[in-house]
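This is what each chain is made of:
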Amino acid sequence: MEEETTFGDSFKTVNEQNIEEDEDSLKQISSFFPFDTVNQLLIKIINSYDIQEGNSFNIEDRIVNATFGQIRNIIINYLEQPYLLDSYLERLILPVIEKIRNDIKIIFQSDNQIELLNNYQNRNYLYKYLYLLTNVRGYKTILKFFSHEVSDLESTINFLILNINNSQCSCWETKYILLIWLSLIFMIPFDIKNVDSSGDNEESMIQKVMRISKEQMGSAGKEQEGAALLISRILLRKDLHKTELPNYINWSVEQLSITDSIFLRKGILLSLCTIFKQGLRDYILPLANDTLPIIHLFEDEKFNSNSLLKKLLIKLTQRIGLCFLKPKIAKWRYKRGNRFLSDNLSLNSNNINNDNDNDDNDDEEEEEEEIPECLEEIIEILLSGLKDKATIVRWSSAKGIGRLTQRLSKDLAADIIECVINLFSENTLTSGDNKESIERVDISTVSDDTWHGACLALAELARRGLLLPNRLPIIIPWTIKALTFEQQKGSFSVGSNVRDAACYVCWSFARAYDPKIMKPYVNDMAKALVSLSVFDRELNVRRASSAAFQENVGRQGLFPHGIDIITKADYFTVGNRNECFRTISCDIANYEEYRYSMINHLISYSVVHWDQVIRELAAESLGTICKMDIPYTEANVIPKLIEIANSTELNERHGAVVALGEVCYKCYIDVSKSSDEWWTQEQLNNIIKPISNILPQYSTLYLTSFGSEIALQGICFFITKLSEIKWKKEETKRWEELLLLSLERKEIIIQELAIEGIKQYYDKYPINDDQIKNFISKLDFSMDPIIRSGYSRALSVLPHDILVKNNDIIFNAITKICIYEENGTNNDVESRKYAIQALTNFALNSNISNEQYNITMDLLFDGMKDYSIDNRGDIGSVVREQCMKSFEVIVPFGITKNFINDSSIYINVINELLQQCVEKINRIRVVACKVLISLIWENDQKIPNNIIPNIELLEKAFKNGNVDFKYINTNDLYNRLIPLIIIPEFRTSILTGLVVSVGGITESLVRDSSTPLLKFISELPKNNMTINDFLDSLLTIFSNYINDDRVTIPLLMVLELLLSSNSFEKLEDQEYFVKIFENIKRVIFKSKNVKKLVPAIKTICGLLSQNISEELKHNIMQRLLSYLVHPFPRIRKLTAEQFYLALLNIENKKISLEFNENDLEFNDNDDDDDDFEFDDEDENIEQVKNVLLQTDWNMSVLQIKPIRNSLYSLLNVSPPKTVKIN
């Protein structure tokens, strides 16, 4: 039977023959397959069990499963190029088959079959392994290496039945492999009666196999396909088809009409499709009429709702239809003859042969054949399948139509082709079949499914030579129309599958027809394919179009500049959409043959596309291409865009307005630089005035209602571009009004575009003083924060002379909204961020004084302390981020202007940046690292290196290894930056940021930051830094942030971590512990914040375990005992638990000290006192520990107080004195 070829196969075949890979290349590639590794793993699985008596064993399943997983991970990599395994398949399969055959033989001959099946389940991994190979390479290839001896038949059947009846001991892969193995054995020509050992009154072998196969066809797994294959192979045997096949056909018809099982229906249809595909016509033709009732099941809801069942029905329908027709290829079909790519690329077109002009003589002796009546119904079903909702159904229908048509007479085939062509005009109003009429067809009411099916059918017909050349004048215009098919459905569109199928049609034309035939249509097809390959939204369509273009260039040799275009727009380059619109399309437009069709495509489809991104890209591309022919643009492009800009559709208006801005800018930017009034009178009347009249016509409702955000984006862009080319002032009506309207919108992107528009507009058309006052009045705190942020940035981008003239008033207005107020009501983070951005722009664009520069720096330093928090988290980070970005330009600006006279400013900037480099937000860390590197090493005006202490350490941390901090691992980052704590000038700032990270709540961040910190502390003293210096910095942080929970809570966690890890063992000055304790008391004084109390109690207990003075120990115990009667049960329980652990730790240290081997003393006279005894203090501690451990701290405070009070005397701690307040 004929092999199926899909669009993708075009890259694997030439002249309808498979391309054979270079053998040496294949050997070299396949040599990378780790056969030795796989073979060793396979031997492990084979040897993981043994069923032989006296030597039986079964290794643990976990081990075998891991081994199989290793094999799977290797072989699964060859899914894309499975043929690379071919040279190894025999060695990979034969050992397994031999092992399986031996197992089956042993089990078959055993009296304890079920026991063997249950005890040796590792055998299932061999079947899983074989299924893995079939999944990668295909069962047809793998079956070649299976044993096909008749002696295996009966034992294999019985083993299959045994596995089915005991499914708990088996797996579905086992059943599948056994089923396809049996399908191979049944293909051997032998007499079944000679191997059937069943008795007269027993079920025969064939009956057994048919029964279990029918059962397995109802399963949901892969066994279903194996069973269907087995049944088809049995029923097509020469000795069984007469007796068994009719019965099975009748059973299938009956079951399909009554069963409710989807899986059984699928299995039956699979088997029937295989039977009608592989069976000899003499076997199946007598039964074809009996199968016809099945094709009427399309009307049954059980089948109509399932795409896969419909696809199988279509497949069966076409196979039945083929059965009624003799297997021949129509003589009337178009035959191009021998085709070689070298012929088409030859400069001498006479080398191209056309072996058949398809004259009427080709079929003058065509043999007449009687066509059954049912064939009409079959063809009708296939034609209906072309309109189905499911792609797989349409694709199967298209192939069926192609196969049937090539066996029909010319007249009957013409009727089918006519029906396929008519699908394009379904639900349309067409005035004719000519090219112009088809181009004007409205496709808004047609079905994309119908067009997709029709394109697939045309491609299949063309590929087989069934579309005669006289059909091309009608078919090619419809195909070109399909190349631009798209229907908008709300916020998305449909039609990409139609365009893809239309590319398949064009690809088929290239392979089917002689260049002489295609010559009249080459230009239209080439232009359409080129436009599609660079301007389509969908990647698969661009690649399909590029492939079709390439096929036509290679086989037809007629496409203008074909080779040059292929090199620019090949399969890989069209993968980048931005590159297609911005670069590739412009390169191709240099060829005049394609330029104007590309312009028309952009105007007709891309500029008015439903996707805003495509509209903007199309506008940019259109501007670049139109610049190549300005007269054509003025005469044809701009009038069309003006017409579209006045449309009622939002998408069309937006696209046209943006496109007009781009086209005018690209066409007139050069001439506008040389003259303020660059236009002629004709251009003024025909271009400038019509374009200027667009915006005044837009209603207020259009600019403020739903969708106005898209409209305003286009309008702002339009004004920006036309302002840049010095548009005539009198024709700028409403421009200022629309820019200010956009400036007050909440959408950031609109504000950005409006600010750019204001910058260009007021640069060309100066602003008046009243408008400046209006701008400044909008910065009042009574205004909405969105409005403040918009107008502040707008003020900062005004022309330089305006900023200089109004320097003080603008500077004061902007700085006012930059100030952060503690607990203030005007601290909107977004407006402050944009205010700082505006202040930065103002400083760079205006002539600010030294005093104003210092104020700006102070505001930036204040902004770096913004840690505002709301329900979104640390929203102050956006202000800090903007301040850091401002540092990057403001500091070099100050260096240039000699505004920085105090070197401490540089140190403060670096301190602020280093603190952010080690804080918890990754985005902030990346920006801080980037800015710091820029300020110290990369800017033209760098911070003087002689001012920066230990710059070599900074260089090692930030420049060593040329690392990209955007993608650096967190642990690597902290390993680089923590050693900078050595530098005294930066120590406190780095530790401040580090404390927030180490004491954070993100597990990965805590781990990545704490590990390098603990390692660093363990190496102290180092480079003149001691543990005392480290603690001094921590205590400084304590005092600086004593009332700031953002820092103090993480700091308490850090201290608890350091104490628990014995990081202070080298500390000799005990006063540091006293200071830490005093600071903790200040932090938690009268606090009811559990998040603060928990780390504080843990830290206090950690201090208790250190080598501290008796006085401090007394104070700590006194504090802990007070927390045992805290109002919160959680705090009481935590205190008791941590107090107990601290006492236990003290006891362990004491015992370790007392029993140190250097202090041991032996007294031979005290033989009677061998028992170790506690002194009174140790006994008291034991009682305290028992109380802490055994008391229920969830009891009420009144019940707990007496218990707590008893601990004072046991610990020798005086109760705190109560002070009466009068």
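This is a predicted model, so every value here is computed, not measured.

### Here we look at the pattern of salt bridges
The full count for this structure, using the stated rule, is 50 salt bridges. Between Glu223 and Lys175 there is a salt bridge, and its shortest N-O distance comes to 3.9 Å. Of the two residues, Glu223 is situated in helix α12 (residues 223–235) and Lys175 in helix α9 (residues 172–185); the sequence distance between them amounts to 48 residues. With a closest N to O distance of 3.2 Å, Asp260 and Lys302 form a salt bridge. Here Asp260, found in the loop between α13 (245–258) and α14 (262–278), pairs with Lys302, found in helix α16 (residues 301–304); they are 42 residues apart in sequence, far enough to count as distant. Taking the relative accessible area as the measure of exposure, Lys302 reaches 27% and is therefore partly exposed.

### Details of the side chain of Thr291
Within the fold, Thr291 resides in helix α15 (residues 281–295). Owing to a relative accessible area of 0%, Thr291 belongs among the buried residues under this scheme. Not counting residues within four places of it along the chain, the set of residues in contact with Thr291 comprises Ile249, Phe276 and Ile320.

### As for the state of the cysteines
If you walk through the whole model with that rule in mind, you get zero disulfides. For Cys664, which is in no disulfide, the shortest distance to another cysteine sulfur is to Cys667 and amounts to 7.2 Å. On the basis of relative accessibility, which here comes to 0%, the residue Cys664 falls in the buried class. Unpaired in this structure, Cys667 has its nearest cysteine sulfur neighbour in Cys626, at a distance of 5.8 Å.

### Digging into the UniProt feature "repeat: HEAT" (unreviewed entry) in the protein
UniProt tags residues 378–415 as "repeat: HEAT" (unreviewed entry). Along residues 378–415 one finds 76% helix and 0% strand; the C-alpha atoms at either end are 14 Å apart.

### Quick word on the domain arrangement of the protein
In terms of domains, the protein is made up of domain 1 (607–759) and domain 2 (1069–1152 + 1176–1211). Inter-centroid distance (C-alpha atoms) of domain 1 to domain 2 is 74 Å.

### Remarks on the environment of Lys315
One can find Lys315 in helix α17 (residues 307–324). Of the residues examined, Lys315 reaches a relative accessible area of 23% and is grouped as partly exposed. Sequence separation of Lys315 and Arg237 is 78 residues, and the distance between their C-alpha atoms is 23 Å. Residue contacts for Lys315: discarding those within four places in its chain leaves Cys273 and Ser396.

### With respect to the packing of aromatic side chains
Throughout the structure, instances matching the rule amount to 37 aromatic pairs. With 5.2 Å between their ring centres and 85° between their planes, Tyr571 and Phe572 make a pair best called edge-to-face. Judged by its relative accessible area of 40%, Tyr571 is partly exposed. Phe572 gets classed as exposed once you look at its relative accessible area, which sits at 67%. Clustering of aromatic rings is evident, with ring pairs tying together Tyr761, Tyr762, Tyr765, Phe775 and Tyr791. Above the face of the Tyr125 ring, Lys128 is positioned so that its terminal group lies 4.8 Å from the ring centre. The ring of Phe190 is capped by Arg237, whose NZ or CZ atom sits 4.6 Å from the centre of that ring.

Definitions and limits used
Residues numbered from 1 in each chain as written. Predicted model: local features only at pLDDT ≥ 70, side-chain atom pairs only at ≥ 80, totals over all residues. Heavy atoms only, no water. Salt bridge = Lys/Arg side-chain N within 4 Å of Asp/Glu carboxyl O. Helix = DSSP H or I, 4+ residues; strand = E, 2+ residues; numbered from the N terminus. Buried < 20%, exposed > 50% of the residue type's maximum accessible area, 1.4 Å probe, protein only. Contact = heavy atoms within 4.5 Å. Disulfide = S-S within 2.5 Å. UniProt positions renumbered as here; feature names shortened; annotations may be inferred. Domains from an automatic or database assignment. Phe/Tyr/Trp six-rings, centres within 6.5 Å; stacked < 30°, edge-to-face > 60°. Lys NZ or Arg CZ within 6 Å of the ring centre and 35° of its normal.

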